[in-house]
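Structural characterization, general
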Amino acid sequence: MEIKILADADSVAREAAKIIAAEARAAVAARGRFIMAVSGGRTPWQMLRALSGEEVPWADVHVFQVDERIAPAGDPDRNLTHLLESLLSHAPLRPEQIYAMPVEEKDLAAAAKSYADTLQQIAGSPPVLDLAHLGLGTDGHTASLIPNDSVLDVTDAAVALTGIYQKRRRMTLTYPLLNRSRRVLWVVTGAEKVKMLARLRDGDLSIPAGRIRRENALVLTDHASAEKLEPGVSRG
Ligand code: 6PG
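Residues numbered from 1 in each chain as written. Predicted model: local features only at pLDDT ≥ 70, side-chain atom pairs only at ≥ 80, totals over all residues. Heavy atoms only, no water.

**A few points about the site of the ligand**
Neighbouring residues of the ligand: 15 residues in total, closest Arg42, Thr43, Asp67, Ala143 and Lys193. In the model, an oxygen atom of the ligand is placed 2.6 Å from a nitrogen or oxygen of the Ala143 main chain. One of the side-chain N or O atoms of Lys193 is found 2.6 Å from an oxygen atom in the ligand. In this structure, the ligand is accommodated by the largest pocket. When its residues are assigned to classes, the shell around the ligand shows two nonpolar, eight polar and five charged. (Near = heavy atom within 4 Å. Polar contact = N/O pair within 3.5 Å; in protein donor to acceptor, adjacent residues only side chain to side chain. 1 Å grid on protein atoms, 1.4 Å probe; cavity = no way out; pocket = protein on both sides within 12 Å on 5 of 7 lines; lining within 4 Å. Sits in = over half its atoms within 2 Å of the grid points. Nonpolar A, V, L, I, M, F, W, Y, C, P; charged D, E, K, R; others polar.)

**Section: unusual backbone geometry**
In the segment running from Ser125 into Pro126, the intervening peptide bond is cis, with an omega of 0°. Non-glycine residue Asn148 carries a positive phi angle of around 65°. Mapping Asn148 onto the fold places it in the loop between strand S6 (131-134) and strand S7 (159-161). In the Ramachandran plot, Lys167 falls in the positive-phi region, its phi being about 75° despite a non-glycine side chain. Tracing the sequence through the fold places Lys167 in the loop between S7 and strand S8 (170-173). (Helix = DSSP H or I, 4+ residues; strand = E, 2+ residues; numbered from the N terminus.)

These figures come from the coordinates and say nothing about function on their own.
Here it is, written out as structure tokens:
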């Protein structure tokens, strides 16, 4: 796991966008397509807005969601609402290149299975993402792999559902899928992440984020989050 510390959240967002663009160009050159999955929360949107200004082979890009809250279409809680605003409305992507998690379906278990099927159609069997973008929660969650939820034990499905977390159930990619990604890009900013970032750095398996594969993982963070990290990590 490589950790790169940048000045502030804006620099992190811009650097993340450059890295994603470079990964996209390399994946398309090597395999004809770039398949990435993007987390929700609040941090990613500045990164995705910056990505729309980068040199990306957009026609061959496929964007999946890492997780989604079970909420109505257009709800501000929905990660898709922000994903469409920050990426689709600025980058030359066709709407069908963004694969929304089907969280408005009545049968959510069937919906999770159908999303896993779509992943297989696009990313192969078993599906392999070129890049998984992950955030880090202040309780050590990532994606919607949340503490003490049975979703942490799912080993036979790529997509699963959580119990209620912060007032909503969620649909999420699972460890088996995320840990097959060619590249994991962590984007972690803000003073509230200091403790969990140090535990992530230490590979603390007692937090959900600690169980994400560390080879090919890059953490982009800012000084506010990196206060407790060793001075040895590269400070960009
Ligand atoms: C979600 C996200 C979640 C997020 C972390 C960190 O739907 O809430 O997918 O896993 O990545 O909560 O969020 P921030 O990086 O925005 O703080």
